[in-house]
Amino acid sequence: MPLAITFISLALGLYSLAILSERFSKKLKLWMIIAFITAFSCDLVGTSLMFFRAVNKFQLSFHSSCGYAALFFMGLHLIWALSVISHRGRREVYFHRFSIWAWIIWLFAFFSGIPRA
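Quick caveat: nothing in here was measured; it's all calculated off a predicted structure.

(A) Quick peek at the overall build of the protein. Secondary structure assignment for the protein yields four helices and zero strands. Counted from the first residue to the last, the protein has its helices and strands arranged as α-α-α-α. Computed over C-alpha atoms, the radius of gyration of the protein comes to 15 Å, within 12% of the 13 Å expected from 2.2 N^0.38 for 117 residues, which places it in the range of a compact globule. Overall, the protein is about 45 × 25 × 20 Å in size when its C-alpha atoms are taken along their principal axes. A burial count over the protein gives 37% of its 117 residues as buried. If you take every contact in the protein between residues at least 6 apart in sequence, the share linking residues at least 24 apart comes to 76%.

(B) Summary view of helix 1 (residues 2-25). Taking 1.5 Å as the rise per residue, helix 1 with 24 residues should run 34 Å; its terminal C-alpha atoms sit 34 Å apart, in good agreement. As for helix 1, its buried residues are in contact with helix 2 (30-53), helix 3 (62-86) and helix 4 (90-112). Count one or two residues on from helix 1 and you reach Lys 26, which has phi positive near 55 degrees.

(C) Quick look at the nonpolar core. Membership of the largest hydrophobic core comes to 29 residues, with the highest contact counts inside it found for Tyr 15, Leu 28, Phe 36 and Trp 106. For this core, the secondary-structure elements that each account for two or more residues are helix 1, helix 2, helix 3 and helix 4. Top element by residues in this core is helix 4. It accounts for nine residues. Contacts of Phe 36, omitting those with residues within four sequence positions, involve Tyr 15, Ala 18, Ile 19, Leu 28, His 77, Leu 78, Ala 81 and Phe 95.

(D) Highlighting the packing of helix 3 against helix 4. At their nearest, the axes of helix 3 and helix 4 sit 9 Å apart, and the two run at 155 degrees to each other. Judged on the interaxial angle alone, helix 4 and helix 3 are roughly antiparallel. In terms of crossing hand, the pair formed by helix 3 and helix 4 is left-handed. Residues of the contact of helix 3 with helix 4, tallied by class, amount to 17 nonpolar, six polar and two charged.

(E) Quick look at the environment of Leu 20. Relative to the assigned elements, Leu 20 resides in helix 1. Exposure remark for Leu 20: the relative accessible area of 31% places this residue in the partly exposed category. A C-alpha to C-alpha distance of 32 Å links Leu 20 and Arg 53, two positions 33 residues apart in sequence.

(F) Molecular detail of unusual backbone geometry. Even without glycine at this site, Lys 26 takes up a positive phi of about 55 degrees. Its location among the elements puts Lys 26 in the loop between helix 1 and helix 2.

(G) Main features of helix 2. The terminal C-alpha atoms of helix 2 lie 35 Å apart, and with 24 residues this matches the ideal 34 Å at 1.5 Å per residue to within 8%. What helix 2 keeps buried is the set Met 32, Ile 33, Ala 35, Phe 36, Ala 39, Phe 40, Cys 42, Asp 43, Gly 46 and Thr 47. Those residues of helix 2 that are buried lie in contact with helix 1, helix 3 and helix 4.

Thresholds applied
- Residues numbered from 1 in each chain as written.
- Predicted model: local features only at pLDDT ≥ 70, side-chain atom pairs only at ≥ 80, totals over all residues.
- Heavy atoms only, no water.
- Helix = DSSP H or I, 4+ residues; strand = E, 2+ residues; numbered from the N terminus.
- Rg over C-alpha atoms; globule rule 2.2 N^0.38 Å.
- Buried < 20%, exposed > 50% of the residue type's maximum accessible area, 1.4 Å probe, protein only.
- Contact = heavy atoms within 4.5 Å.
- Expected span 1.5 Å × (residues − 1).
- Core = buried A, V, L, I, M, F, W, Y, C linked by side-chain atoms within 4.5 Å.
- Axes fitted to C-alpha atoms, helices over the stretch in contact; angles between N-to-C directions.
- Parallel < 35°, antiparallel > 145°, perpendicular 65-115°, else oblique.
- Left-handed = near helix turned anticlockwise from the far one by under 90°.
- Nonpolar A, V, L, I, M, F, W, Y, C, P; charged D, E, K, R; others polar.

This is the structure:
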């Protein structure tokens, strides 16, 4: 499980860096796309590692539902970012609006998985 936590934590850092940088600069840059791709890959690996280590693989919980939804939105966000980089304009305006919400959904999934002591 420590390896899965490492990958998910890397995803958190990279995704947050890309989202917040894009938010403050109001411009999507190539390095941010690379951060999105790397964050999505880390999240996918971390989620897969957790899935394969889980005892009840297909038991839906609040965290797993949030996690799969967040992974879906993160993937959608990545596809949209790739679209924006190749076709600027109106797509970019809506992308900036969607980015923060995709990130909040992802953060919700991240924090719902932290065990309560």
